[in-house]
Amino acid sequence: MSGKILVVDDEPNLLRIISYALEAEGYTVITAETGTDAIAKAKNCQPDLVILDVMMPRMDGWETLKRIREMSDVPVIMLTARDAEADRLRGFELGADDYVTKPFSLAELNARVRAVLARATRG
């Protein structure tokens, strides 16, 4: 598999783990620890997919997703500890393509990444 993935999370250890797992699958990974940085990288790097944490300081993932959607239709997988139905629905209403709750397995995340990217290339 190939493609460029922007991973956004304010937890550096989680960023490293996800990056390593995605790079092992053949993806190029770009990381951001803030919503502001994510928006800039989404615009400048033109990723094929964004994996976006919801609970971040200053600008949360909801606002980050809104701003990304204003400039791009890049597929977005929300990654969060917030697993209430209302949170998942909010993510989909804002334009998320998938929603993964923490804790998660890297195998499941990789499978979801493949599925979302496959849909994006077919569509």
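Provide a residue-level description of helix H2 (residues 35-45), including the pertinent values.
Among the residues making up H2, those that are buried are Gly 35, Ala 38, Ile 39 and Ala 42. Down the axis of H2, the buried side of the element spans an arc of 100°, and every buried residue falls inside it. Pointing more than 90 degrees away from the buried face of H2 are the exposed residues Thr 36 and Asn 44. Here the buried face of H2 lies against strand S1 (4-8), strand S2 (28-32) and helix H3 (61-71). Phi turns positive, to about 50°, at Gln 46, one or two residues after H2.

Kindly report on the nonpolar core, identifying the contributing residues and their values.
Grouped together as the largest cluster of nonpolar side chains are 20 residues, with contacts concentrated most on Leu 6, Val 8, Val 50, Leu 52, Val 76 and Met 78. For this core, the elements supplying multiple residues, two or more each, are S1, S2, H2, strand S3 (49-53), H3 and strand S4 (76-80). Setting aside anything within four residues of it in sequence, one finds Val 50 in contact with Leu 6, Val 8, Ile 68, Val 74, Pro 75, Val 76 and Ile 77. Formed by 18 residues, the second largest nonpolar core is a distinct cluster that contains Ile 5, Ile 18, Tyr 27 and Leu 79.

Run through the packing of H3 against helix H4 (residues 85-94), naming residues and quoting values.
Running from N to C, H3 and H4 point in directions that differ by 15°, and their axes come no closer than 10 Å. By the angle class used here, H3 and H4 are roughly parallel. Once H3 is placed against H4, the crossing between them reads as right-handed. Only Asp 87, Arg 90, Gly 91 and Leu 94 of H4 make contact with H3, whose side of the interface consists of Trp 62, Leu 65, Lys 66 and Arg 69. Tallied by class, the residues present in the contact of H3 with H4 amount to three nonpolar, one polar and four charged.

Quick notes on the rules
Residues numbered from 1 in each chain as written. Predicted model: local features only at pLDDT ≥ 70, side-chain atom pairs only at ≥ 80, totals over all residues. Heavy atoms only, no water. Buried < 20%, exposed > 50% of the residue type's maximum accessible area, 1.4 Å probe, protein only. Helix = DSSP H or I, 4+ residues; strand = E, 2+ residues; numbered from the N terminus. Arc of directions from axis to C-beta. Contact = heavy atoms within 4.5 Å. Core = buried A, V, L, I, M, F, W, Y, C linked by side-chain atoms within 4.5 Å. Axes fitted to C-alpha atoms, helices over the stretch in contact; angles between N-to-C directions. Parallel < 35°, antiparallel > 145°, perpendicular 65-115°, else oblique. Left-handed = near helix turned anticlockwise from the far one by under 90°. Nonpolar A, V, L, I, M, F, W, Y, C, P; charged D, E, K, R; others polar.

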